[in-house]
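Listed here are the chains, written in short residue letters.
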Amino acid sequence: MTSIEISKLTCKLHKNVIADIRNEIQKLENAGIFTGLIFQPSEYQDSTGRTLPQYELSKDGVMMLAMKYDTVTRYKITQKLNEL
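Parameters and conventions
Residues numbered from 1 in each chain as written. Predicted model: local features only at pLDDT ≥ 70, side-chain atom pairs only at ≥ 80, totals over all residues. Heavy atoms only, no water. Helix = DSSP H or I, 4+ residues; strand = E, 2+ residues; numbered from the N terminus. Rg over C-alpha atoms; globule rule 2.2 N^0.38 Å. Buried < 20%, exposed > 50% of the residue type's maximum accessible area, 1.4 Å probe, protein only. Contact = heavy atoms within 4.5 Å. Areas by Shrake-Rupley, 256 points an atom, 1.4 Å probe, with all protein chains shown as cover. Lys, Arg positive; Asp, Glu negative; His and termini not counted. Charge placed at Lys NZ, Arg CZ, Asp CG, Glu CD. Salt bridge = Lys/Arg side-chain N within 4 Å of Asp/Glu carboxyl O. Core = buried A, V, L, I, M, F, W, Y, C linked by side-chain atoms within 4.5 Å.

Quick word on the overall build of the protein chain
Part 1: Scanning the protein chain from N- to C-terminus turns up 4 helices and 2 strands.
Part 2: The linear arrangement of helices and strands in the protein chain, starting from the amino end, is α-α-β-β-α-α.
Part 3: For 84 residues, the compact-globule estimate of 2.2 N^0.38 gives 12 Å, and the protein chain sits close to it at 13 Å.
Part 4: Principal axes of the C-alpha set define a box for the protein chain whose edges measure 40 × 30 × 20 Å.
Part 5: Burial analysis of the protein chain (84 residues in total) assigns 37% to the buried set.
Part 6: Residue pairs at least 24 apart in sequence account for 45% of intrachain contacts in the protein chain once pairs closer than 6 positions are excluded.
Part 7: For the protein chain, the accessible surface area stands at approximately 5,400 Å², while carbon and sulfur atoms represent 52% of it.
Part 8: Each charge class in the protein chain was averaged separately, 11 positive and 10 negative side chains, and the resulting centres sit 6 Å apart.

What follows is the structure, given as structure tokens:
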């Protein structure tokens, strides 16, 4: 899943999801855990043609991020993961 998909599922602004992901990355890296395969930086083009940052998350990354959110949001994210 991408950070854009997470943003839509959680009804959070994408910039706030990006901030949540960067926070997780910092905590993991401070603990000596490599995050490159969990949260992979990438880019997308918005409707105006601008290239903007996003993240591609592994299943572990999605679950780690989902744990930060409320029950209903975790449920939505889990259901989307099961579809994939």
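Further notes follow.
A word on the pattern of salt bridges
Part 1: Inspection of the entire model under this criterion finds 4 salt bridges.
Part 2: Note that K68 is salt-bridged to E24, the shortest N-O span being 3.5 Å. On the criterion of sequence distance, the pair formed by K68 in the loop between α3 (59–66) and α4 (71–83) and E24 in helix α2 (residues 14–30) is long-range, its members being 44 residues apart.
Part 3: Residue E24 is classed as buried on the basis of its relative accessible area of 11%.
Part 4: Ionic pairing is found between R50 and D46, a salt bridge with its closest N-O pair at 2.7 Å.

A short note on the environment of N30
Part 1: In this fold, N30 is placed in helix α2.
Part 2: For N30, a relative accessible area of 65% gives the class exposed.
Part 3: Separated by 12 residues in sequence, N30 and S42 have C-alpha atoms that sit 22 Å apart.

Considerations on the nonpolar core
Part 1: In terms of nonpolar packing, the biggest core is built from 17 residues, with I6, I21, F39, Y55, L57, V62 and L65 touching the most fellow members.
Part 2: Top element by residues in this core is α2. It accounts for 5 residues.
Part 3: Leave out the neighbours within four places in its chain, and L57 touches M1, T2, S3, I21, I38, F39, V62 and L65.

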